[in-house]
Amino acid sequence: MRRAGFVIALLAIVLSPIGAGATGGASLAMLAFTGVFFLANAVIRPGAVSLRDLAGTGLQIVTAAAFAALLVGLGQTLRALGRIEAEAGLEGWLVLAAWGVVLGRLIWRRSMGEKVAKGAETALRVVHRSGQRKPPAGEAADPPTAPTSKTAKPNLTVLEPGETPQRTAPPRRSAPAAPDDPALADALERMNALPEAGTNDAALSMALTTISGAAPLGAVFAALKTRAETCERDRRALALHSTDPWVAERRLGKGEPAEAFEVIVAAADPVALTDFASNAIALVDEVSAARHDMPAVPRLLEIADQIESALETEAELLVALAHKLEDLALDAEPNGDV
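Residues numbered from 1 in each chain as written. Predicted model: local features only at pLDDT ≥ 70, side-chain atom pairs only at ≥ 80, totals over all residues. Heavy atoms only, no water.

A. Up close: the environment of Met 206. For Met 206, the location among the structural elements is in helix H8 (residues 201-212). Note on Met 206: relative accessible area 61%, which makes it exposed. (Helix = DSSP H or I, 4+ residues; strand = E, 2+ residues; numbered from the N terminus. Buried < 20%, exposed > 50% of the residue type's maximum accessible area, 1.4 Å probe, protein only.)

B. Structural detail: unusual backbone geometry. Of note, the phi angle at Arg 83 is positive, near 50°, even though the residue is not glycine. Assignment of secondary structure puts Arg 83 in the loop between helix H3 (54-82) and helix H4 (90-107).

C. Expanded view of the packing of aromatic side chains. Counted by the stated rule, this structure contains three aromatic pairs. With a centroid separation of 5.6 Å and an interplanar angle of 40°, the aromatic rings of Phe 261 and Phe 276 are classed as tilted. Of the two residues, Phe 261 sits in helix H12 (residues 256-267) while Phe 276 sits in helix H13 (residues 270-286), which places them 15 residues apart along the sequence. Just as Phe 261 is buried, Phe 276 falls in that class too. Among the aromatic residues, ring-to-ring pairing joins Phe 33, Phe 37 and Phe 67 into one connected group. (Phe/Tyr/Trp six-rings, centres within 6.5 Å; stacked < 30°, edge-to-face > 60°.)

D. Layout of the pattern of salt bridges. Scanning the entire structure with this criterion turns up 13 salt bridges. Across the pair Arg 79 and Glu 87 runs a salt bridge whose closest N-O atoms are separated by 3.7 Å. The exposure class of Arg 79 is buried, given its relative accessible area of 18%. With a shortest N-O distance of 2.3 Å, Asp 201 and Arg 236 are connected by a salt bridge. With Asp 201 in helix H8 and Arg 236 in helix H10 (residues 232-242), the pair connects residues that are 35 residues apart, well separated along the chain. In this structure Asp 201 comes out as partly exposed when scored by relative accessible area, which is 25%. What you see here is one network of salt bridges that share partners, running through Asp 201, Arg 236 and Asp 275. (Salt bridge = Lys/Arg side-chain N within 4 Å of Asp/Glu carboxyl O.)

E. Representation of helix H14 (residues 297-307) in the model. Among all positions of H14, only Val 297, Arg 299, Leu 300, Ile 303, Ala 304, Gln 306 and Ile 307 are buried. At its buried positions, H14 is contacted by H12, H13 and helix H15 (312-332). (Contact = heavy atoms within 4.5 Å.)

F. Region of the structure containing the nonpolar core. Counting 31 residues, the largest nonpolar core has Phe 261, Phe 276 and Leu 318 as its most contacted members. Residues contacting Leu 318, with those up to four places away along its chain left out, are Phe 261, Leu 273, Ala 277, Leu 300, Ile 303, Ala 304 and Ile 307. Among the nonpolar cores identified, the runner-up in size contains 21 residues, and Leu 204, Ala 207, Leu 208 and Val 220 belong to it. (Core = buried A, V, L, I, M, F, W, Y, C linked by side-chain atoms within 4.5 Å.)

G. Structural view of the confidence of the model for the protein. A residue-level look at the protein finds 72% of positions with pLDDT of 70 or above and a mean pLDDT of 75. Scored below 50 in pLDDT, residues 110-162 shows 88 contacts in the model against residues more than four places distant or in partner chains. For residues 164-174, every residue scores under 50 in pLDDT, and the model assigns this stretch 23 contacts once sequence neighbours within four places are set aside. (pLDDT = per-residue confidence, 0-100.)

H. Expanded view of the environment of Leu 96. Position of Leu 96 among the secondary structure elements: in helix H4. Aside from chain neighbours lying at most four places away, what touches Leu 96 is Ala 12 and Ser 16.

See the structure below:
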């Protein structure tokens, strides 16, 4: 029922400028609906319009104007082709569009907006990590276990209220001891050849492919988690590994993404945090059952609130992930759309 309501609201917003053009509306209608579309974006998606971001706001106005011109022009074309003689006041069409905006605001899921806004970035990250990996010879996929409780917090040092992570990574600590597994130790040693900061995504993904095939995935996660204290590269490796769909399907119920999140938060690493959040959104889109292994929604929103002033982009990604998890949980409930 919610989806049907949103479709109705969308139709009201889109058909209004077409109707205005078909009933004699011209330049004034285009200007009026430019304002309507810009207002709709601000009302339906709170936070999408920021007066501090003049470039972004200007781009949204230009986009709204282009959309308004397109739809009003379509209406004018229909009027010409259909030889429509009827004329109607612009006010009625504006009221219909405004009604659609109000209905859309009541129904709109906030995560839908964040999903669209981050879609291109997420797609790029998924593309270069979309190759299937094969488990090492003799290793059976770990059977899924019951989801771990989300009420218990990992025994990790996390940000206190009011603290915000800085964009400069903490000092590099001494490298941890190599794992007992020689193949895994060798694969991890090869990753050391990559830069400690600013590592290329493709290079890091290729290194992870080698590492994930060198030992059982549980041992790989433990090793990456131990190394995550050393530098940005290793924290990003932990973030990408824990949110990889191939890995997640074989580690369902282990809660590894939630553990990785806490490690990244404790290190106050915004680069790894961006990797984690954007890839986690893509993960739960592909493997919905992985939502049980994610950080709890209140925890995501808590960290987003703490870092909002200093790391706006990272905070928005965490909010988008939280809303995505809420939507998936709602869809999983019986009669979730009613």
